[in-house]
Amino acid sequence: MRRLPLPSQFDRIIITGGVVAGLALAPLLLVLLVLLAVDEITAPEFIFWLVAAVVVGGALGTVLLPNIVYAALSLVATLLGVAGVYLLLGSEFLALAQVLIYGGGVVILLLFGLMLTNATDDPVVSDGSQKPFAAMVGLLLAGVIVAAAYDATWGVNEVAASSLRAFGEQLFGDYMVPFIIIAVLLDIALTGAYVNARRERATAGDEETSP
Amino acid sequence: MGMEQVWLLPAIPAALFVVVALFGRLIPRQGDWLVILGMAATLVIGAVVILDFQSFVVGGVFEPGGENHYAFAWAAVGDALAIDFSTHVDAITVVMITVVTVVTLMVMVYSVGYMHGEARYGWYFALLSFFTAAMLLLVVSGNLLQLYLAWEGVGLASYLLIGFYWERQSAAEAAKKAFITTRVGDVGLLIGIILLWRASGTFDIQEIIALAQAGGFDETYLTVAMLFLFAGAAGKSAQFPLHVWLPDAMEGPTPVSALIHAATMVVAGVYLVARMLPVFDTVLVARDVVLYVGLVTALLAATMGLVSNDIKRVLAYSTVSQLGFMFVALGAGSVTAAMFHLFTHAFFKSLLFLGSGSVIHATGRQHVEYLGGLWRKMPVTGWTFLVGGLALAGIAPLAGFWSKDEILYESLAHGSTAVFVTLAATAALTALYTTRLVVLTFFGQPRDQAAYEHAHESPRIMTGPLLVLAVLAAVAGVVAFDGVGELLGFAGGIGYVVFTVKGHAFAFHPDIAATATVSALLAIAVGLVYWWGTAERAARARAWAPEIHRLLVNRYYLDDLYQATIDRVVLGAAGVVAWVDDRIVNRAGVDGGAQGIGYAGLRLKFLQTGRIPNYALAMALGIITLALVAFGTS
Amino acid sequence: MIPLENFLLLSAALFAIGFYGVLARRSAILILMSVELMLAAVSINLVAFAAYLDADGLTGMIFAIFVITVAAAEVGLALGIVLRLYRERRTANVDAADELKW
């Protein structure tokens with residue numbers, strides 16, 4: 001029975017993961033470089049495909065890897081890749097928020113969840129029995145969305161880097177009420193999480209009968 | 001105010017029905033005065049309508065100029081079907097309004113005395129009001145669907161009033177019999193209406209008449225439709241072979257018999273055929289059917305009336321017979337004669353019924369075995385009954401004489417000699433059974449001393465209407481003469497105007513009148529000889545031909561035939577249907593379906609695993625399907 | 001310039017992969033991670049549409065901010081539920097919670 005890796009082992013995992021990812025990305029990088037060289041793609045597209053490879057690869061790792069810790073770490077890769085996508089789309093603030101909140105907060109929270117539940121025993125999980133159906137539905141869904149995306153005609157504008165000042169003015173001006181509501185929501189979620197997760201005050205009868 | 005407000009005639013009694021039926025207990029005297037006042041108002045409005053109608057009569061011919069037909073939209077089904085609620089006033093309507101309002105008012109006043117102290121007194125008046133509303137709606141209807149509505153309305157009122165004493169088994173059964181028998185005809189009427197609508201696309205009577213006269217119908221089709229229509233008329237007007245319900249309908253209170261089963265509702269069939277006669281004129285086969293059915297009915301009913309011992313039943317058979325006379329007139333193509341007889345008959349027959357009611361009220365008996373010798377005890381009833389009887393027998397110058405003369409003339413002119421002879425013989429029979437009834441009731445020795453001792457003249461509230469109706473029964477016939485009409489202020493003569501549909505003039509025929517009078521007097525003489533005193537000769541006549549007597553008493557075994565038919569055919573079919581319903585519909589269909597679904601549920605419930613990922617998968621499949629559908633349709 | 005369709009394609013792939021994860025995984029924590037992938041895909045879509053189709057390009061970004069915030073709240077709350085489940089059943093497998101049936 002394999003135990004969950006200790007924090008000192010994380011370095012090794014990350015280095016191994018980086019090497020594996022680098023080796024996987026290398027052929028793609030090569031192909032993209034050649035295409036760039038013969039002017040088949042532009043520089044932004046070159047970067048896009050690299051980032052997209054990171055995002056998709058990380059996502060596949062998240063849902064396919066049997067080891068929970070590896071899955072969580074490849075989720076980090078994906079979320080950082082998404083931050084890169086935001087940068088490509090010209091919203092630096094969003095990329096920053098993504099890295100801070102996801103890469104920092106959310107993933108740490110998830111890892112805490114792992115420690116508190118599976119940590120003691122087996123970090124390797126088996127998937128549900130409906131895996132083949134899930135794959136089929138996933139492919140169908142992707143097909144439908146892609147077909148819809150390519151079916152429509154989009155009147156496309158020039159992408160311009162947005163100003164952070166305008167963004168702030170809009171968020172705290174037009175969208176102030178939603179902002180406040182979101183704040184309340186966070187508050188409620190925090191309270192709810194606490195109420196749900198806390199150990200109930202032990203009473204004499206409960207402690208013995210509960211499993 | 002005039003023909004445009006004719007809708008008020010049914011509206012007032014209808015409103016009073018609602019008021020008295022719902023709040024009768026809160027009103028002093030349970031609201032009878034309210035109903036009677038409303039009826040008086042209706043009578044006045046009816047008179048105004050008739051005067052307005054008269055003002056449009058030019059040179060003896062009614063020229064409506066579009067002033068007699070009012071309609072508003074009632075219901076529409078897309079563009080395919082538009083039904084109006086319409087009123088139509090013409091000569092026929094005018095006669096019906098007169099008859100219905102006058103007789104109803106008389107009967108209502110009479111009922112105050114007759115029904116005094118009865119349970120459900122207020123409900124009785126509410127029902128009378130409801131009946132009047134339906135009957136007036138029937139006679140002012142401008143289209144067939146509305147007419148059918150009113151037709152069923154009067155049928156319902158008739159059912160409820162025949163079964164007014166529903167605690168009595170026989171009354172409940174008679175009500176059922178009347179309703180079901182007339183229903184047989186009503187289904188025919190409905191089919192006829194649908195057939196006419198299918199071919200013409202309209203329910204409006206005048207449009208249908210115009211179309212028929214223009215030859216817009218296939219002749220065979222129209223014949224079938226009109227025969228169905230006549231089936232409805234025969235059911236409502238108790239014509240052979242649907243006449244069996246009317247004698248039994250005498251279970252109801254006697255004023256109801258006078259109103260519904262003598263003067264008004266039972267003539268609805270005559271009214272309907274008269275209204276549609278221009279259509280019948282285009283299909284003479286159907287018109288001949290009307291004539292012969294009327295003739296057979298008149299004769300059969302008269303013979304049955306000859307042997308019945310119940311006063312009201314004799315009068316009921318007489319009514320059936322007289323309705324047969326009216327149908328003969330219609331079959332001969334004369335609206336004039338039929339409506340004229342309808343007019344006079346309403347007065348003298350309701351008079352006779354109210355008189356018999358007075359006798360029943362006084363003695364508690366309605367069987368002639370317990371009556372006799374009442375003349376001295378009840379002079380007013382006796383005299384008025386005699387007037388009514390003579391009018392029925394057709395003795396000049398009472399009302400029945402003129403109208404019967406007209407019908408006999410029409411039967412000879414447009415029928416055949418055989419028809420005329422049969423009808424004249426029936427008229428003589430009429431005089432015979434009338435004589436028998438009068439003699440057995442009012443003369444000779446009292447056959448039940450207790451009933452005789454108890455007898456007394458009825459209160460004035462009952463004799464008053466009797467006197468009014470007696471006067472009308474005596475003189476109603478003369479309105480047909482031009483001079484009388486002019487005296488009353490009707491240009492061209494009331495008879496000419498009212499009883500005449502363009503082209504038919506009223507006339508007096510001395511030869512026929514003489515024949516009819518002589519035969520009636522002879523019949524009366526025979527009746528006096530046979531039944532005066534101890535009725536010994538009548539008993540001997542019965543003994544001489546017992547088979548005929550038994551045939552008549554058993555009403556030609558028609559009721560037994562119907563009963564046997566119902567027992568064998570209907571109940572047999574009902575058994576089959578019940579078996580199918582129980583085994584196939586109920587057990588296999590309903591129970592089986594329920595059990596099948598229950599079993600399926602028992603098995604299929606395992607599809608619910610309780611695992612949320614399974615549910616999410618199913619949901620995803622649903623969403624994808626929806627997306628694909630949206631994709632495919634855009 | 002990168003065509004808009006590229007971003008939509010990426011977003012679709014990410015969403016489908018996340019959905020597969022939700023359906024196929026058994027551990028509640030991993031399902032939560034897959035939900036995060038789907039939310040990220042939606043955010044990419046919002047921002048891409050904002051950048052390409054909206055004149056000032058801000059509304060979509062603000063909504064993405066909201067998505068990120070709600071996602072944070074969702075993770076917090078969901079982890080509370082997972083911990084509760086773990087305490088009741090000694091496992092974080094969603095198969096253990098199968099009482100929602102007949």
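Up top is the structure.
Residues numbered from 1 in each chain as written. Chains lettered and ligands numbered in written order. Predicted model: local features only at pLDDT ≥ 70, side-chain atom pairs only at ≥ 80, totals over all residues. Heavy atoms only, no water.

Some details on the interface of chain A and chain C
Consideration 1: Contacts between the two partners involve 87 residues from chain A and, on the opposite side, 71 residues from chain C.
Consideration 2: Of all residues in chain A, the largest losses of buried area upon contact with chain C belong to V63, L89 and W154 of chain A, amounting jointly to 9% of the total for that side.
Consideration 3: Seen at the junction of chain A and chain C, the total is zero salt bridges.
Consideration 4: Applying the counting rule to chain A against chain C returns five residue pairs in polar contact (both at pLDDT 80 or more). (Contact = heavy atoms within 4.5 Å. Buried area = accessible area lost by both parts, 1.4 Å probe. Salt bridge = Lys/Arg side-chain N within 4 Å of Asp/Glu carboxyl O. Polar contact = N/O pair within 3.5 Å; in protein donor to acceptor, adjacent residues only side chain to side chain.)

Quick notes on the pattern of salt bridges
Residue and element names in this part refer to chain B.
Consideration 1: Across all of its chains, the model carries 13 salt bridges over all chains by this definition.
Consideration 2: One salt bridge connects D582 with R587, and the closest N-O pair in it is separated by 3.3 Å.
Consideration 3: The exposure class of D582 is partly exposed, given its relative accessible area of 29%.
Consideration 4: Each of E152, R183, D186 and K236 takes part in salt bridges that share partners, so that together they form one network. (Buried < 20%, exposed > 50% of the residue type's maximum accessible area, 1.4 Å probe, protein only.)

Quick notes on the nonpolar core
Consideration 1: Of all hydrophobic cores here, the largest spans 189 residues; its most connected members are L196, M226 and M276 of chain B.
Consideration 2: Among all residues touching L196 of chain B, those that are not within four sequence positions of it are L144, G201, I208, F217, L222, A225, M226, L229 and M276 of chain B.
Consideration 3: A134 of chain A together with I17, I31 and F66 of chain C belong to the second largest nonpolar core, which has 80 residues in total. (Core = buried A, V, L, I, M, F, W, Y, C linked by side-chain atoms within 4.5 Å.)

A short note on unusual backbone geometry
Residues and elements named next belong to chain B.
Consideration 1: With an omega of 5°, the peptide bond running from F240 to P241 counts as cis.
Consideration 2: Structurally, P241 is set in the loop between α8 (219-236) and α9 (245-248).
Consideration 3: The phi dihedral of R29 falls on the positive side, at around 55°, and the residue is not glycine.
Consideration 4: In this fold, R29 is placed in the loop between α1 (8-23) and α2 (32-54).
Consideration 5: We classify R29 as partly exposed; its relative accessible area is 48%.
Consideration 6: Residues other than glycine seldom take positive phi values, yet R120 does so here, at roughly 60°.
Consideration 7: Relative to the assigned elements, R120 resides in the loop between α3 (91-114) and α4 (121-140).
Consideration 8: For R120, a relative accessible area of 24% gives the class partly exposed. (Helix = DSSP H or I, 4+ residues; strand = E, 2+ residues; numbered from the N terminus.)

Re the packing of helix α5 (residues 144-162) of chain B against helix α6 (residues 169-200) of chain B
Residue and element names in this part refer to chain B.
Consideration 1: Following both chains from N to C, one finds α5 and α6 inclined at 175°, their axes separated by 9 Å at the closest point. In terms of their interaxial angle, α5 and α6 are classed as roughly antiparallel. Seen from α5, the contacting residues are L144, Y148, W151, E152, G155, L156, Y159 and I162; seen from α6, they are A171, A174, A175, K176, A178, F179, R183, D186, L189, L190, I193 and L196.
Consideration 2: Its residues assigned to classes, the contact of α5 with α6 comprises 15 nonpolar, one polar and four charged. (Axes fitted to C-alpha atoms, helices over the stretch in contact; angles between N-to-C directions. Parallel < 35°, antiparallel > 145°, perpendicular 65-115°, else oblique. Nonpolar A, V, L, I, M, F, W, Y, C, P; charged D, E, K, R; others polar.)

Brief notes about a nonpolar patch on the surface
Residue and element names in this part refer to chain A.
Consideration 1: There is a patch of nonpolar side chains on the surface, built from F172, M176, F179, I180, V184 and I188 and spanning about 560 Å² of accessible area.
Consideration 2: Looking at the nonpolar patch element by element, the count peaks at five residues for helix α7 (residues 176-197).
Consideration 3: In this structure, F172 sits in helix α6 (residues 164-172). (Patch = residues over 30% accessible without salt bridge, like charges linked within 9 Å, V, L, I, M, F, W, Y side chains within 5 Å. Areas by Shrake-Rupley, 256 points an atom, 1.4 Å probe, with all protein chains shown as cover.)

Looking at the packing of helix α23 (residues 510-531) of chain B against helix α24 (residues 536-544) of chain B
Residues and elements named next belong to chain B.
Consideration 1: Following both chains from N to C, one finds α23 and α24 inclined at 95°, their axes separated by 5 Å at the closest point. By the criterion of interaxial angle, the relationship of α23 to α24 is roughly perpendicular. Listed contacts from α24 to V529, Y530 and W531 of α23 are E536, R537, A538 and A541.

Brief notes about α6 of chain B
Consideration 1: Over its 32 residues, α6 of chain B extends 46 Å from the first C-alpha to the last, a length consistent with the 46 Å expected when each residue adds 1.5 Å.
Consideration 2: Remark: the principal bend of α6 of chain B, roughly 30°, maps to V184 of chain B. (Expected span 1.5 Å × (residues − 1). Bend = angle between axes of the 7 residues up to and from the residue.)

Quick look at the interface of chain A and chain B
Consideration 1: Listed per partner, the contact involves ten residues of chain A and nine residues of chain B.
Consideration 2: In this assembly, chain A packs against chain B so that about 800 Å² is buried in total across both faces, 81% of it on carbon and sulfur atoms.
Consideration 3: Per-residue buried area on chain A facing chain B is highest for Q130, V137 and V144 of chain A; these three make up 59% of the total on that side.
Consideration 4: For the pair chain A and chain B, the interface holds zero salt bridges.
Consideration 5: Summed over the shared surface of chain A and chain B, the result is two residue pairs in polar contact (both at pLDDT 80 or more).
Consideration 6: Each residue belonging to the side of chain A that touches chain B can be placed in one class, and the counts come to eight nonpolar, one polar and one charged.

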